[in-house]
Amino acid sequence: AEVVERLGVAPLGFGLLDDPGRCLFARVSVFSGGFDLEAAEAICGPSPGAGPTLDVLGGLGELVDQSLVRQVEEHDHIRFRMLETIREFAAERLVERGEADDIRQRHATWFTELVERAAPTGSSLASRRRFCELRAFCASACSRRNRLTAYVKSPISVRSAVVKISSRMQTA
């Protein structure tokens with residue numbers, strides 16, 4: 001694939017993953033700016049009737065152990081990040097698995113629901129953290145403006161999410 005050709009090799013820890021680990025590795029590639037456990041469980045967890053059973057928490061631990069995902073602490077909150085070249089490699093695996101549309105749709109849906117649940121005047125640390133995640137999603141969605149139809153099955157849902165996020169951020 002394209003990333004392997006650029007790097008000359010697959011990421012070292014990838015070959016040591018079992019199928020559920022490879023599945024989770026591919027799925028977390030939808031997060032461009034990092035993510036927390038709650039988002040990973042909601043978006044990357046088991047799909048009803050499709051794919052292997054996933055233990056997201058244990059799987060993230062394995063991805064961290066294999067240096068495929070970084071665990072960082074921000075404001076007393078654990079978050080996870082992937083280096084961009086590794087994320088690109090993982091995104092290619094997501095496409096190969098045939099799960100890209102489903103996981104991207106789950107990603108857009110989860111963030112849309114998050115916007116709807118968010119308090120527009122929240123001033124708590126958790127509220128500010130959520131708005132940072134929403135900004136990252138918004139920036140990611142906007143940077144893919146020309147590819148929105150490939151991002152989810154319904155570009156209208158992404159456009160709607162971006163509009164909701166932008167209006168909530170302006171009033172917060």
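Placed above this text is the structure.
1. Digging into unusual backbone geometry
Moving on, step 1. The backbone of Ser-67 sits at a positive phi, close to 60°, despite the residue not being glycine.
Moving on, step 2. Here Ser-67 shows up in the loop between helix H4 (56-65) and strand E1 (70-74).

2. A closer look at the pattern of salt bridges
Moving on, step 1. Counted according to the given criterion, the structure contains 9 salt bridges.
Moving on, step 2. A salt bridge links Glu-92 to Arg-93, with the shortest nitrogen-to-oxygen separation between them at 3.6 Å.
Moving on, step 3. Residue Glu-92 is classed as buried on the basis of its relative accessible area, which comes to 17%.

3. Examining helix H3 (residues 37-44)
Moving on, step 1. Among all positions in H3, only Ala-39, Ala-40, Ile-43 and Cys-44 are buried. End-on view of H3: buried residues confined to an arc of 100°, all on one side of the axis.
Moving on, step 2. Where H3 starts, the residue carrying a side-chain oxygen 3.4 Å from the main-chain nitrogen of Glu-38 turns out to be Asp-36.

4. Thoughts on the pairing of E1
Residues in a regular strand point their side chains to alternate faces of the sheet.
Moving on, step 1. Across 5 bridges, E1 lies against strand E2 (residues 77-81) in antiparallel orientation. Following the sheet pairing, Glu-74 is matched in E2 by His-77.
Moving on, step 2. Between E1 and E2, which pair antiparallel one after the other, the connecting turn spans 2 residues, and His-75 there sits at a positive phi close to 50°.

5. Topic: the side chain of Arg-106
Moving on, step 1. Relative to the helices and strands, Arg-106 is located in helix H6 (residues 100-117).
Moving on, step 2. By relative accessible area, which is 18% here, Arg-106 ends up buried.
Moving on, step 3. Arg-106 has contacts with Arg-27, Ala-42, Ile-43, Cys-44, Gly-45, Pro-46 and Ser-47, leaving out every residue within four places of it along the chain.

Conventions we followed
Residues numbered from 1 in each chain as written. Predicted model: local features only at pLDDT ≥ 70, side-chain atom pairs only at ≥ 80, totals over all residues. Heavy atoms only, no water. Helix = DSSP H or I, 4+ residues; strand = E, 2+ residues; numbered from the N terminus. Salt bridge = Lys/Arg side-chain N within 4 Å of Asp/Glu carboxyl O. Buried < 20%, exposed > 50% of the residue type's maximum accessible area, 1.4 Å probe, protein only. Arc of directions from axis to C-beta. Polar contact = N/O pair within 3.5 Å; in protein donor to acceptor, adjacent residues only side chain to side chain. Pairing = 2+ DSSP bridges. Contact = heavy atoms within 4.5 Å.

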